[in-house]
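# Structural description and commentary
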Amino acid sequence: MNRRIAIRNMALILGSVAVLPSCLNDKGKPVVALKHLKLDADQENVVNNLTETILPKTSTPGAKDLGINLFVFKMIDDCFDQKQQDEFMDGLKEFSAAVDEKYGKSFNELTPQERAAFVTGMEKQAKENRVKTQAADSAKKPAEPNKAENFYNTVKGQTVFGYTTSQYFMTKEVVYELVPGRYNAMFPVKKKATA
Amino acid sequence: MANLNIDSIKDRKFDAIVIGSGMSGGWAAKELGDKGLKTLILERGRDVKHLKDYPTTNLYPWEFPHHGEVTAEIREANPIVNRCYAFGEDAMHFFVKDKEHPYVQEKPFDWIRGYQVGGKSLLWARQTQRWSDFDFDGPARDGFAVDWPIRYADIAPWYSYVEKFAGISGNKDGLAELPDGEFLPAFPLNAVETYFSKHVKSKYQNRHVISARCAHLSKPNQIHLDQGRGQCQERTLCHRGCPFGGYFSANSSTIPWALKSGHVTLRPFSVVESIFYDEQKGKATGVRVIDTNTKEAIEYYADVIFLNAAALNSNLVLLNSTSHRFPNGLGNDSGTLGKYVAFHNYSAHINAEYDGAKEWTTDGRNPAGGGYIPRFRNVYKQETNFLRGYAAGFSAYRYNQTTSEGIGDELKNNLKNDDLSGWKVGSHMMGETIPKESNYVALDKSQKDPWGIPKLKISVDYDDNDAKMKKDYVEQMTEMFTSAGFTNIKASVDSRAPGLDIHEMGGVRMGKDPKTSMLDKWHRLHACQNVYVTDGASMTSTSCQNPSLTYMAFAARAVDHWVTNKGKA
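Everything numeric here is computed off the predicted structure, so don't read it as measured data.

### Considerations on the overall build of chain A
For chain A, the helix and strand inventory stands at 8 helices and 1 strand. Traced from its N-terminal end to its C-terminal end, chain A shows the element sequence α-α-α-α-α-α-α-α-β. Out of the 195 residues in chain A, the part that is buried amounts to 38%. Long-range contacts, defined here as pairs at least 24 residues apart, represent 63% of the contacts in chain A between residues at least 6 apart. Of the roughly 11000 Å² of accessible surface on chain A, 55% is carried by carbon and sulfur atoms.

So this is what it looks like as structure tokens:
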């Protein structure tokens with residue numbers, strides 16, 4: 001039952017994140033217990049706020065409600081190798097620098113609207129670069145990697161993975177079946193359920 | 001096992017010993033138990049009891065700490081087994097970790113192992129096809145190995161025998177190259193798989209796309225219910241262990257059945273160090289085991305020994321069983337022990353799209369995985385510049401067109417988009433490799449494993465025949481896909497090491513001539529007739545069919561032979 005304990009612990013960490021950052025002003029101390037990544041509290045909050053910007057609370061729960069931000073930390077800390085973690089840290093710094101250059105303040109100090117605007121810009125840029133990279137691939141010339149963009153893609157990828165495999169998403173938004181009990185090989189499209 | 005009284009030789013004397021509790025060992029134990037022989041099963045790993053020891057079987061994706069992903073630490077510590085497709089957070093407890101049981105790779109070889117009761121039968125992909133006379137005749141016809149001492153007619157009744165008990169789903173397809181069996185209902189092909197099947201049949205002579213035959217209880221019979229197994233629930237989470245007993249594993253089927261007979265004792269944590277040979281009696285009299293917990297050496301005695309440790313480990317046990325009579329390994333008068341190892345070649349894939357059949361999709365999951373293309377090259381005559389041939393998987397699927405574009409509500413909507421994609425199709429090759437003397441396993445003279453047993457040294461590689469066959473697969477499938485109107489066809493070949501197909505075979509091959517083979521037509525060592533080897537080690541050639549069903553049939557047949565003939569030379 002270790003897994004259940006782990007999940008329960010994650011819920012406890014989730015609780016502490018909801019409380020601590022608002023009342024603690026110590027820049028140096030991260031809240032999430034990480035084994036490999038060395039983040040200060042500001043950097044940690046950049047990731048927290050970024051996941052919430054990507055997946056905000058709307059009429060449905062957001063990243064922080066569902067603990068997706070913590071899942072992102074856990075995945076990068078546990079499942080990324082040293083090189084990937086170094087790239088993540090480099091990217092985080094460049095991402096922060098890009099925000100600073102544009103707004104003269106940190107990502108954490110932006111309003112939610114400003115964060116969304118900045119991230120939308122990254123989305124657009126990432127999409128353009130994907131197209132460019134695909135074109136370059138066919139010409140055998142890889143495009144120059146943009147560290148800030150790679151960082152953004154990593155956080156987004158893990159946010160999406162955590163969300164689409166979360167209990168909330170797999171029970172409320174789509175229905176995951178552990179035991180389907182059927183295989184219909186010829187199933188009419190028009191009968192397909194919508195959830 | 002604490003309840004074994006190991007002080008008394010009498011208590012360590014059995015009618016039969018079975019080494020290994022997986023696909024073939026489970027069958028040997030079941031048959032011996034059914035026939036009333038006092039039998040000891042030795043398993044080097046821990047016990048895995050059906051239902052009780054499947055810790056992840058009922059977990060939802062979000063209940064895994066990393067939602068199914070393997071951590072970097074585990075990946076880095078296990079570069080070999082991590083390459084296996086089924087090594088994930090949900091099933092890694094059933095795989096041997098790289099450091100636990102080291103071996104020597106003279107050439108790169110990904111040796112994927114499951115050391116526990118049930119062995120790899122818990123983890124297999126459950127595809128089950130009979131061999132045909134084209135396979136058993138093959139070596140004699142094109143001269144690539146020694147002649148098999150048996151033919152399809154020898155083994156056909158035993159295929160039927162094990163199929164009825166294990167439960168195999170499939171259609172009677174009436175193909176000479178893939179004989180029909182005792183089938184439960186097949187899992188049907190979907191719209192595009194059916195379309196491709198019809199197209200291939202109309203366009204090509206002797207090429208077929210059929211429903212894959214697999215070891216799932218699509219509709220259980222009484223004999224399956226008697227085993228405590230139930231209908232397959234189409235979870236396709238088989239590698240975690242199935243709580244329904246929906247697919248065949250030694251854990252859900254043969255081992256509990258054997259234990260219920262009251263004649264069979266299971267001893268896990270027992271690495272077999274060697275089989276010992278009595279020169280006066282001219283036969284094997286027992287085995288020496290190292291208890292993996294206490295490191296204590298214990299000897300067990302029996303009239304007959306069934307060696308089913310999985311192909312390469314069965315080689316290891318025989319190589320390490322030396323005596324004055326057999327200085328180079330038990331039964332090794334021919335000098336062929338450990339040689340002529342072969343495997344399957346799964347290293348080419350092809351994918352494409354199909355624009356039709358938009359009105360159809362599928363619902364639920366298909367445990368059979370889709371279609372199967374039996375070997376069609378060099379079957380009736382040698383028609384290519386390579387020997388033998390390949391089978392292929394074929395499947396078609398549609399998926400929900402979710403995207404991760406955008407942020408906020410746009411992203412949330414994109415992630416649950418259930419608009420269906422068009423049909424995608426895919427295939428992978430399953431090629432036969434040619435047994436060669438230069439592909440061998442041997443004992444490493446200088447390095448020992450944690451139990452004091454020499455490490456196995458593996459020297460196995462692809463050859464020119466494999467390269468030609470791979471090229472032909474890509475060409476033929478591209479042509480068949482093009483002809484069927486599939487578009488955006490993309491073939492890919494990978495550079496994996498041998499072994500990752502998990503179908504290593506040979507080293508203790510069968511044959512008519514004791515000068516060029518190890519085993520006779522009953523799977524007995526030519527030179528030591530109370531030792532039977534009925535796992536992958538015994539394979540003279542490898543065919544391109546999945547081998548497990550054949551091991552099961554071999555094991556049941558060999559036990560019958562011993563029980564019928566024991567005491568007679």
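### Looking at the interface of chain B and chain A
Counting residues at the interface gives 51 residues for chain B and 59 residues for chain A. Interface area, chain B with chain A, both sides summed: about 4600 Å², of which 60% is carbon and sulfur. Sorting the residues of chain B by area buried against chain A places Trp 62, Asp 363 and Lys 412 of chain B first, and these three jointly supply 16% of that buried surface. On inspection of chain B and its partner chain A, the count reaches 3 salt bridges. Remark: the boundary between chain B and chain A carries 22 residue pairs in polar contact (both at pLDDT 80 or more). Of all the secondary structure elements, the ones that give two or more residues to the side of chain B that touches chain A are helix H2 (72–77), strand S14 (360–364) and helix H9 (408–415) of chain B. Among the residues making up the side of chain B that touches chain A, the classes are represented as 18 nonpolar, 15 polar and 18 charged. As defined by bridge partners, strand S1 (residues 183–188) of chain A adjoins S14 of chain B across 4 bridges and the pair is classed as antiparallel. Bridged to Phe 187 of chain A within S14 of chain B is Thr 361 of chain B.

### Topic: the packing of aromatic side chains
All told, the structure shown has 40 aromatic pairs over all chains when counted by the stated rule. Geometrically, the ring pair formed by Tyr 152 of chain B and Tyr 159 of chain B is tilted, given 6.3 Å between the ring centres and 35 degrees between the ring planes. For Tyr 159 of chain B, a relative accessible area of 0% corresponds to the buried category. Here the aromatic cluster, defined as three or more aromatic residues joined through ring pairs, consists of Phe 88, Phe 95, Tyr 103, Phe 107, Phe 118 and Phe 151 of chain A. The ring centre of Phe 107 of chain A lies 5.7 Å from the NZ or CZ of Arg 115 of chain A, which sits over that ring. The residue whose ring lies beneath Lys 38 of chain B is Phe 14 of chain B, and the NZ or CZ to ring-centre distance is 4.9 Å.

### With respect to the pattern of salt bridges
Taken as a whole and assessed by the stated rule, the structure comprises 43 salt bridges over all chains. The salt bridge partner of Asp 363 of chain B is Arg 182 of chain A, with a shortest N-O separation of 2.8 Å. Remark: Arg 182 of chain A occurs in the loop between helix H8 (167–173) and S1 and Asp 363 of chain B occurs in strand S14; the pair is interchain, linking two chains. Across the pair Glu 383 of chain B and Lys 381 of chain B runs a salt bridge, and its minimum N-O distance is 3.9 Å. If you follow the salt bridges from partner to partner, you end up with Asp 137, Asp 147, Arg 151 and Lys 512 of chain B in one network.

### As for helix H4 (residues 68–79) of chain A
Residue and element names in this part refer to chain A. Relative to the 16 Å expected for 12 residues at 1.5 Å per residue, H4 spans 15 Å between its end C-alpha atoms, a close match to the ideal helical length. Counting buried positions along H4 gives 11 out of 12 residues, so the element sits mostly inside the fold. What H4 keeps buried is the set Ile 68, Asn 69, Leu 70, Phe 71, Val 72, Phe 73, Met 75, Ile 76, Asp 77, Asp 78 and Cys 79.

### Concerning the nonpolar core
Membership of the largest hydrophobic core comes to 94 residues, with the highest contact counts inside it found for Ile 275 and Val 287 of chain B. The biggest single contributor to this core is helix H4 (residues 152–166) of chain B, with 8 residues. Discounting chain neighbours no more than four positions away, the residues touching Ile 275 of chain B are Ile 19, Ala 284, Gly 286, Val 287, Ile 305, Leu 307, Val 317, Leu 318, Ser 321, Leu 330 and Val 531 of chain B. Within the second largest apolar cluster, 38 residues are counted, among which are Leu 50, Phe 80, Leu 110 and Phe 118 of chain A.

### With respect to helix H7 (residues 147–164) of chain A
For the α-helix, the turn length of 3.6 residues means that residues three or four positions removed from each other point alike. Residue and element names in this part refer to chain A. Between its first and last C-alpha, H7 extends 25 Å over 18 residues, near the 26 Å set by a 1.5 Å rise per residue. Among all positions in H7, only Ala 148, Glu 149, Phe 151, Tyr 152, Val 155, Lys 156, Gln 158, Thr 159, Val 160, Gly 162 and Tyr 163 are buried. At the N-terminal end of H7, a side-chain oxygen is found 3.0 Å from the backbone nitrogen of Ala 148, two or three residues along, and the residue is Asn 146.

Parameters and conventions
Residues numbered from 1 in each chain as written. Chains lettered and ligands numbered in written order. Predicted model: local features only at pLDDT ≥ 70, side-chain atom pairs only at ≥ 80, totals over all residues. Heavy atoms only, no water. Helix = DSSP H or I, 4+ residues; strand = E, 2+ residues; numbered from the N terminus. Buried < 20%, exposed > 50% of the residue type's maximum accessible area, 1.4 Å probe, protein only. Contact = heavy atoms within 4.5 Å. Areas by Shrake-Rupley, 256 points an atom, 1.4 Å probe, with all protein chains shown as cover. Buried area = accessible area lost by both parts, 1.4 Å probe. Salt bridge = Lys/Arg side-chain N within 4 Å of Asp/Glu carboxyl O. Polar contact = N/O pair within 3.5 Å; in protein donor to acceptor, adjacent residues only side chain to side chain. Nonpolar A, V, L, I, M, F, W, Y, C, P; charged D, E, K, R; others polar. Pairing = 2+ DSSP bridges. Phe/Tyr/Trp six-rings, centres within 6.5 Å; stacked < 30°, edge-to-face > 60°. Lys NZ or Arg CZ within 6 Å of the ring centre and 35° of its normal. Expected span 1.5 Å × (residues − 1). Core = buried A, V, L, I, M, F, W, Y, C linked by side-chain atoms within 4.5 Å.

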